[in-house]
Structures are given as C-alpha cells and as structure tokens.
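Observations on the model geometry
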Amino acid sequence: MNIYQELKARGFIYQETDSALIEKKLTTEKVVFYCGFDPTGDSLHVGHLLPVMAMRMLQKAGHVPTVLVGGATGAIGDPSGRSTARNMLTMETVAHNVECLKSQLARFITLENGEANFVNNYDWLGQIKLLDFLRDIGSRFSVNRMLAQKSVESRMENGLSFLEFSYSLLQGYDFYHLHKEYNCTLEIGGQDQWGNMVAGTELIRRMYDEEQQADCLTIPLLMNPATGQKFGKSAGGTSVWLDLNRTSAFDYYQFWRNTDDAMVKELLLKFAIELPLDECLAIAEQPNINRAKEILAYEATKLAHGEAAAKDAYLAAGSKFGFADPENLVNTSSTISALSAKDAVASLPETAVSADDIAEGVTVPRLLVISGICKSTSDARRLIQGGAVSLDDVKVTDVNFTLTAESFAAGSITLRAGKKNFRKVVLK
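Calculation notes
- Residues numbered from 1 in each chain as written.
- Predicted model: local features only at pLDDT ≥ 70, side-chain atom pairs only at ≥ 80, totals over all residues.
- Heavy atoms only, no water.
- Helix = DSSP H or I, 4+ residues; strand = E, 2+ residues; numbered from the N terminus.
- Buried < 20%, exposed > 50% of the residue type's maximum accessible area, 1.4 Å probe, protein only.
- Contact = heavy atoms within 4.5 Å.
- Areas by Shrake-Rupley, 256 points an atom, 1.4 Å probe, with all protein chains shown as cover.
- Core = buried A, V, L, I, M, F, W, Y, C linked by side-chain atoms within 4.5 Å.
- Pairing = 2+ DSSP bridges.
- Axes fitted to C-alpha atoms, helices over the stretch in contact; angles between N-to-C directions.

Quick notes on the overall build of the chain
- What the chain contains, in helices and strands, is 19 helices and 13 strands.
- Taking the principal axes of its C-alpha atoms as reference, the chain extends roughly 90 × 45 × 40 Å.
- Here the chain holds 428 residues, and 48% of them are scored as buried.
- Restricting to contacts in the chain with at least 6 residues of sequence separation, those with at least 24 account for 74%.
- Accessible surface for the chain amounts to roughly 20,300 Å². Of this, 48% is attributable to carbon and sulfur atoms.

Okay, structure coming up:
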C-alpha cells in the first residue's frame, strides 16, 4: 500500500483535483506540499488536527511539508463555515499567535534540517502594493466564480464584507507564491476550504498560461454522531486545546479515552497513525472497546504531549478509573503494552507511616484519614460499609480491620476508596 492508498484507506481524502496525478506524484516524486493555519487564536485544538495528521504521514513517506501560518490572512479571517464575521485582531496579537502555533505544530511536524518549511504569509502579502495586486492577480479571478463558492454564497443573506470576500484571492496567491518559491505543487486542507484551494490551482495555471499544474485535496470534516457537532469539543462543550497550559496531558488523554463508541474505529485510523493500518482495524474490531479507547488515547497523547506524558496520563487514569486490559491481552505494537498496573502503583501519590504509627496497629478507617482520603473516621466507616474500600485490590468489609507491621511486608499497601481515590501507603 503506497502513501496515497493509505491516506485514502484511513479516510483522509474527500475531494481532489486530479486523483490519478496526485497518486502518481506521491509515489514517484518528492512532493513539496502545504497546509495553512490562520492564527485567529493562540492555540489550535484537536479539531484542527486532521490535516496535521495527514501532513505527518506525508512527511514520514518522504515528502516535504510547508507549514503556513497566516499572519496576513489571520488578520482578515476566513469566512468559510461561519455565519458572521470574526472579531478583528491587532497585528501584534496576530504575530503573537503565529509564534504560539509554530511551537504547537512543531510537536507534530519536524521543522529542522530542511525536512519542512515554516512560512508566514505576512512576509509576502504584507509587501504587495494594492494596485499591483489588483492588476496582476485580481484580473485573473472571476467574480461570478467567487460568488458561487459555498463560503460566500452562505453569507450573502447576512452580509459579507469586501474584506472577507477577498480572502479567496489571498489564499490563492499563497499557493502561487509557494509554487514559485518552493516548487510547491499540492495543497491539503479541510473540505470547507475547497473553493479557496481550487482558486490557487487555477491562479497557478493562469499565471503560467496552462504550462504548470498544481493540485489540491481536501480532508472530510469529522463529526461527532452523538452531538452532531464538529469533532473537537469535550463532553462539556469546551474545546480541547493543544496549548499545554490550557489542556493538561491528563485531560487531553481523558478526552480521547471518553470518546463515543461509534467513533473509535474512525479515530484510531486518523489519530493512531503511528500504528499500522491493519492493526488499527483489528484493535477497533476486537470486543474490548475500552482497551481500544485506551490505545487511542495513549497514541494521541503521545503525539501531542510526548511519550513520557502519555505514560503518566495512562497510568494516572488507570489508577483512578481502572484498566481496561490489565494483563495486556489485546495485541498491539503500541508502547502502551509495556505498561502495567504495577507501574501505576509506583506513580500513585504516597502517604508514609512510621513503625511507631502502627506499633499497636492502625485501623483502615484511621488510615483513610491519615492518607487524606477521608476527613473523619465516620466518613471512612461509611465508605467501608458501602463496599468502596480495598487494600491491594482486596475489598475491606470489616470497619475494625487493623493493619500491623506485618501487613507491610512488601514495603507498601495500595489503599483505594471508590473509583477515583488511590494512595500508596509506605512504611518508613
């Protein structure tokens, strides 16, 4: 299976200008391609990741990504998929956002050593004189064709400013500039970008009198069938950000771990891209759906936050909510298979007790208070009576159960109350 076929099998291809030519180029040439991101905020969210995953796959196949962050187009705002105009940002804010997005995208795309190009379209669009642009570029666009674009047509009733109407010309010019300066021959993006992307391919042909061909392909929008919303929102309706300070690795992991059952297969194919295609299909189709979610969450978190953070998030989540496959019975090449519940115990918050503390024994209710899980022994007793307390996975049923030094023969005991509260109690 070549890279084009894999992209198609994983569901990354929606529309194409010339499928046969795109496949031929991707399998016989080193293709320079680009994808654009407008810095309308200082962080991307998981809903932006589909084209990033495709870029990563293409880069690993030997092609050269050009990551464009639109310092110029971000100051205008793309009307695609919007019913109203965006709020205008200052140029200082846009410049700040550009740097934030660059650092986030660099976690997915290797930018060093000439393996990719990182560009800001303000560097060329900011230098163009208006009359030159209108004469040289505007004369090659048909207003009738632009009015037929869905992003324009859907806004005609509510109103569309000339500022937003010009967006398609600017994005088309971006492709022309990258074609001329970097020999970029392919643009990828979301399906709502089709009109803007085709504008670029047509501009290139017109600027070169049909002697040059550039192509584009779009990626289908990913919808959550449970909510009908675009993918990228948590259960509470908030965005899941790539900014490490806005969404922690644990919360990021939990977003993927809690995904709807109906989306697991599609998300594995699109976001567990480090795992072979056949393996993703096998994981999605085996009966342990929660293990599939753990692998998805681990792989997605590893890409966004790094392997160490993914391991910590997986172990912390497993400690709180339990592991779907504690014996690692589901076959996978993911490094998640090297982790176990024992690793989770090692990462639990600790409570130390001394030999003096337990010289005469310590009851489990008292230990629950010492560890900070319960505020009072009466609360602790109620938990025990409700069957919510265990020691080393053995349920405690006697509210007077007492631990002695002999109970700590292994050096520590794992104390659990309910599904979320764990402590490793260590004898020191």
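A closer look at the nonpolar core
- Counting 74 residues, the largest nonpolar core has Trp-256 and Phe-271 as its most contacted members.
- With residues near it in sequence (within four places) discarded, Trp-256 still touches Val-46, Phe-231, Leu-267, Phe-271, Lys-293, Leu-296, Ala-297 and Ala-300.
- The next biggest cluster of nonpolar side chains, apart from the first, holds 26 residues, and it includes Tyr-176, Leu-178, Ala-199 and Ala-214.

Overview of the environment of Arg-10
- Tracing the backbone shows Arg-10 in the loop between α1 (3-9) and β1 (15-16).
- On the basis of relative accessibility, which here comes to 1%, the residue Arg-10 falls in the buried class.
- Considering only alpha carbons, one finds Arg-10 and Val-369, 359 residues apart in sequence, at a separation of 51 Å.
- Other than its neighbours up to four places away in sequence, Arg-10 contacts Met-57, Leu-268, Leu-269, Lys-270, Ala-272, Ile-273, Leu-275, Pro-276, Leu-277 and Cys-280.

Regarding the sheet that holds strand β2 (residues 32-37)
- The six strands lie next to each other as β1-β6-β5-β2-β3-β4, forming an open sheet whose pairing is mixed. Every interior strand has two partners, whereas the edge strands, β1 and β4 (117-120), have only one.
- Direction of pairing for β1 relative to strand β6 (residues 215-219): antiparallel, over a ladder of two bridges. In the sheet register, Gln-15 faces β6, and the bridge partner there is Thr-218.
- Packing of helix α10 (residues 167-182) onto the sheet brings it into contact with β2, β3 (64-69), β4, β5 (184-190) and β6, and relative to β5 it is tilted by some 145°.

Interpretation note: all reported values are geometric properties and have no functional meaning in isolation.
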